Every structure is written in C-alpha cells, then in structure tokens.
Amino acid sequence: MAERNSWAVSDAPNGVITTEDARLALSALAQPGADPVSARQGLRAAPGDPGRVSAAAKPDATVTVQPFQMFMQSKRGLGNYVQTLDRAKTLDLITDHPADSKNPRIDLIIAQQTDKFYGDTVNGFLVTQVVGTASGTPNPPTVPGPGDYLELARVRIPASAKEITADMIEDRRQGSVVGLGGVVPLRGVAERAQLTAYPGLTAYRADRGWLEVSDGTAWRVPGVPVCASPNELSTISSPYQGQLVASIQDGLLYQWDGAKWVGVAGGVGGMRHEARYEVRAGQEQNFPQNLDTRIKFPTATYTSPDVSPSSDNSVFTLNRAGLWSISVSLRINAPGGDGFYEVYVAITDGANLGMRYANQHDDRRAVVPGSISCATEYRFTAGDTVSVILWTSAAQNRNTQAWTSLNNITLTWLRS
C-alpha cells in the first residue's frame, strides 16, 4: 500500500508497526536520498576516519577497519538499516587465503546485513572479507548472500604476497550521512557527485576548505572563497555572475563575468602589483646631444613579481596581462649659458623605441633644470616590455639631477 503506518501507533497488544515502518520513520530524520521518502546511505559523519580500511603500521597479513556507524538502504525493502562497528576490527586476508604464486587477485572488504524478514537464515551485521579469484587480469569477486551490503575497500593482493601495504588498498567507502538539514562533509568532488541534491543542501568540501550550497540544479560557493592559485578557479564548478574569489598565489581578487574569471583587484595576502625604480645620488646618467637614450633606474624602491627589470634596469618586462598604469618623472641638469634647449621624454616599447605609449616635450631656458614627466594607461599582454627614453638638444652631455625620488618610473597593474 502507498500509506505506511505512522510512528508511533499501536494496536494493543501486538502493535502495527513493521520493521520497514520503523526504518522509514528513522530515515525521515536523516539526509534525503534519491527520492522524497528515502534517506542517503553511507557512514555517519563523526570524528576520526570512520570505516577506513588500513594496513598495519608494520605491514603484515592483516588490515584494520576503523569503528563506524552506517546507514544502509535496504535493497529488498524500504528504509535504512542503522549499523554499528563499535571498535576497530582486524581482518587477516592472507593466512587462511594465501596469495596465488603466479597471479594477483582482488579481495573486497564489505559491510553486509542479513535479515530474516526477507528470508535470510539469520539476522546480523558483519564486516568481512570476500576473497577474489587469482587471474592475470583479476576482477572484484561476486558477493555471496544478500545484496544488502556496501564496499568499504578493495585490496589488490599481488602474486606470492605475504603482507598488505597501504598502496594495495583502494578506499571504496560511501560519503558521509548527516541529520536532516545538516552540513554534509565531503572529501572531494567525487563524493559530491554521489549526492542527490535539493535546494538548500549544504556541503563542506574538505579538499577545498569551503562550503557549497545546491540551488537544485548547480552547486554554488557562497561568500568569497580562497584558492591557492588562479589555476584552481576551475574547481568552482558553477560560478555565478559577479562572484569574487581570492587567490593566494598572486594576491588578486577574481570576478566571474559570465564567461571567464577576470582579475579585478590586488592586495590580497599582501601581494604587491606595482613596482617603482629610481635614480638616486651617485647614479646619475649622462645623455648625449640629440640621441634617443634609454634611462636606467638603478634603485628598486619596491618590486613586484608582475615586473621583471633587465640587468641594468632600463627595460621592464610586464609579466601579467591587463590594464597597466605607467608613469615617469625626471629632472635634468640645465646646460647653463644663454638661449634655450629642448628636453623630450617618452615611454616606449622595450625593443622598438619608435613605439611610444606616452611622451612629453619641453623648451627650457639654458639656466633652468628640465623637469618633465609623462604617463600612460595601456592594455598590455604578458611578456610585453617597456622602456623610457630621453632626448635633449643641449650642446653638452646632461645628466639626471641627483635628487632622491625625483627621477623614477612606477609600473602599476590595474586589472585584467
């Protein structure tokens, strides 16, 4: 019948609630399963590592199963069994079932339920080994008895093996089960795929260190999650328009524009996205008359991994694509005497000095130092280079005036 006996009703003296009714009532308090009246099956979330199958610290013929409580969906009826292994259990996989001398085999470690209600000879819950058949290409064995079981692990036993090591064990545990409305702990995206999602289901991704919430069709990451690097942005499987993510590696906030992640701000984790280089006292550079000459900025005031200077600090490689703000400020010694002289400065391509992003020209009296500056905002690709050139018509070589911080170039990455 469609309607089941409710918890808890009675018909004295025998009652009317069957074991299935009881399991269904308990399942109503657990995380939902694949349909509105089933609960998810798996290990109850708890401290430690419930249900883990591990090799001995000093390898021998045994494995150990850690204690756990489990919710197992009955395959022959309705509702979930609640099963308990209340202490660690050691299973000897080889002594009574020696490894084959020529071929490997695959054994299973399972948790199995028997139930007289469905015709089994006994009622019981057992964590046990199912021995496989040795073969050149071994397959997992068929599990004898009732189909109400879950795999905890698969153990590949090589030919002539005398002991079990950690690399032989494949973890096959189901994901965690929590109470209705609880946050589900997940070890990774593979366990998330096992969930039957509904709007509001919340999971904690242990591999990522953040929460994910289902809207019924996709998993969303609320707040501003943190990634180790931009390469990990792809682990957010369903970003929403405008979502922000912090990247530790480059110190940027990235925003989803509907098609891609775009860096929008810096300063996360103290990462600097601007660099400044200066000419200071004792570092003056002479500039010949009427010749475009690259300016060297010997002192690094502050640096950034976004900018790589050449060995003489005259060419700067921009390591990050996006919109850049670049400014230069100079003060040039006056030639002295009568008349006028010209000063010209430009921000150029690092290799092609004729490719100029900004420039400034100034006419000066011969007794007045030439203070001159220019700036640009330009969208560069990663690997582009820039330089600053100076040209003067002064009859003798001129040099940069040795005033701290007056002669500088500042390169600032703004955004993608």
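Placed above this text is the structure.
Source: prediction; values computed, not measured.

Undergrad: How should I be thinking about the overall build of the protein chain in this particular structure?
TA: Helices and strands together make up the secondary structure of the protein chain, namely two helices and 32 strands. In summary, the protein chain has a C-alpha radius of gyration of 36 Å against a globular reference of 22 Å for 416 residues, an excess of more than 25%. In terms of overall dimensions, the protein chain has C-alpha extents of about 120 × 55 × 30 Å along its principal axes. Taking all 416 residues of the protein chain together, 44% fall into the buried category. The contacts in the protein chain between residues at least 6 apart in sequence include a share of 58% that link residues at least 24 apart. For the protein chain, the accessible surface area stands at approximately 20,300 Å², while carbon and sulfur atoms represent 51% of it. In the protein chain, the 37 positive side-chain charges and the 40 negative ones have mean positions that sit 2 Å from each other.

Undergrad: Is there a simple way to explain the sheet that holds strand β11 (residues 176-177) in this structure?
TA: Hydrogen bonds along the backbone pair up the strands of a sheet, which may run parallel or antiparallel. Read from one edge to the other, the open sheet built from four strands follows the order β5-β4-β1-β11, with strand pairing classed as mixed. Unpaired on one side and paired on the other, β5 (80-85) and β11 mark the two borders of the sheet. With two bridges connecting them, strand β1 (residues 42-44) and strand β4 (residues 68-73) associate as antiparallel partners. The residue of β4 that forms the bridge with leucine 43 is methionine 70.

Undergrad: I would appreciate a short explanation of the layout of surface pockets in the present structure.
TA: Rolled over the atoms, a probe as big as a water molecule pinpoints where empty space is left. Quantified by volume, the largest pocket comes out at close to 230 Å³. What lines the largest pocket is a set of 17 residues, and nearest its centre among them are Asp49, Pro50, Ser176, Pro185 and Arg187. Residue classes in the lining of the largest pocket are distributed as eight nonpolar, four polar and five charged.

Undergrad: How should I be thinking about the sheet that holds strand β7 (residues 105-114) in this particular structure?
TA: Taking strand neighbours across the sheet as the criterion, the four strands line up as β8-β7-β9-β10 in an open arrangement whose pairing is antiparallel. Unpaired on one side and paired on the other, β8 (124-130) and β10 (169-171) mark the two borders of the sheet. Adjacent strand axes in the sheet meet at a mean angle of 15°, parallel and antiparallel pairs treated alike.

Undergrad: I keep staring at the environment of threonine 385 and nothing clicks. Help me out?
TA: Inspection of the secondary structure puts threonine 385 in strand β30 (residues 385-392). Threonine 385 sits in the buried class, given a relative accessible area of 19%. In this structure threonine 385 touches Val315, Phe316, Thr317, Thr348, Asp349, Gly350 and Ala351, once residues within four positions along its chain are discounted.

Undergrad: Help me out: how do you make sense of the pattern of salt bridges in this one?
TA: Any two side chains of opposite charge can pair, given that their charged atoms come close. Taken as a whole, this structure holds 28 salt bridges when the rule is applied. One salt bridge in this structure joins arginine 23 and aspartate 115, with 3.8 Å as the shortest N-O distance. Residue arginine 23 is located in helix α1 (residues 19-27), and its partner aspartate 115 is located in the loop between β7 and β8; the two are separated by 92 residues in the primary sequence. On the accessibility criterion, arginine 23 (8% relative accessible area) is buried. A relative accessible area of 9% means that aspartate 115 is categorised as buried. Across the salt bridge formed by aspartate 171 and arginine 173, the nearest N and O atoms sit 2.8 Å from each other. One continuous salt-bridge network, built from bridges that share partners, spans Asp49, Arg52, Asp171, Arg173, Arg187 and Glu191.

Undergrad: Explain the side chain of arginine 173 here, please?
TA: Within the element layout of this structure, arginine 173 appears in the loop between β10 and β11. Within the structure, arginine 173 has its side chain in polar contact with the side chain of aspartate 49 (distance 2.8 Å). Setting aside chain neighbours within four positions, we find arginine 173 in contact with Leu43, Asp49, Pro50, Gly51, Arg52, Glu151, Leu152 and Arg187.

Undergrad: Teacher, can you tell me more about α1 here?
TA: Taken as a whole, α1 has its buried residues at Glu20, Asp21, Arg23, Leu24 and Ser27. Taken down its axis, α1 places every buried residue within 165° of arc, on the same side. Of the surrounding secondary structure, the elements contacted by the buried residues of α1 are β5.

Undergrad: Honestly, the nonpolar core in this entry has me stumped. Any pointers?
TA: Inside soluble globular proteins, nonpolar side chains tend to come together where they are buried. Membership of the largest hydrophobic core comes to 40 residues, with the highest contact counts inside it found for Phe297, Ile326, Leu330 and Leu411. The element that contributes the greatest number of residues to this core is strand β26 (residues 322-332), accounting for five residues. Excluding anything up to four places from it in sequence, isoleucine 326 contacts Leu318, Ile347, Cys374, Ala375, Thr376, Phe380, Val386, Ile409, Thr410 and Leu411. Of all hydrophobic cores here, the second largest spans 25 residues; its members include Val53, Val65, Ala99 and Val127.

So, how was this worked out
- Residues numbered from 1 in each chain as written.
- Predicted model: local features only at pLDDT ≥ 70, side-chain atom pairs only at ≥ 80, totals over all residues.
- Heavy atoms only, no water.
- Helix = DSSP H or I, 4+ residues; strand = E, 2+ residues; numbered from the N terminus.
- Rg over C-alpha atoms; globule rule 2.2 N^0.38 Å.
- Buried < 20%, exposed > 50% of the residue type's maximum accessible area, 1.4 Å probe, protein only.
- Contact = heavy atoms within 4.5 Å.
- Areas by Shrake-Rupley, 256 points an atom, 1.4 Å probe, with all protein chains shown as cover.
- Lys, Arg positive; Asp, Glu negative; His and termini not counted.
- Charge placed at Lys NZ, Arg CZ, Asp CG, Glu CD.
- Pairing = 2+ DSSP bridges.
- 1 Å grid on protein atoms, 1.4 Å probe; cavity = no way out; pocket = protein on both sides within 12 Å on 5 of 7 lines; lining within 4 Å.
- Points joined across faces, edges and corners; volume = space filled by probe spheres on them.
- Nonpolar A, V, L, I, M, F, W, Y, C, P; charged D, E, K, R; others polar.
- Axes fitted to C-alpha atoms, helices over the stretch in contact; angles between N-to-C directions.
- Salt bridge = Lys/Arg side-chain N within 4 Å of Asp/Glu carboxyl O.
- Polar contact = N/O pair within 3.5 Å; in protein donor to acceptor, adjacent residues only side chain to side chain.
- Arc of directions from axis to C-beta.
- Core = buried A, V, L, I, M, F, W, Y, C linked by side-chain atoms within 4.5 Å.

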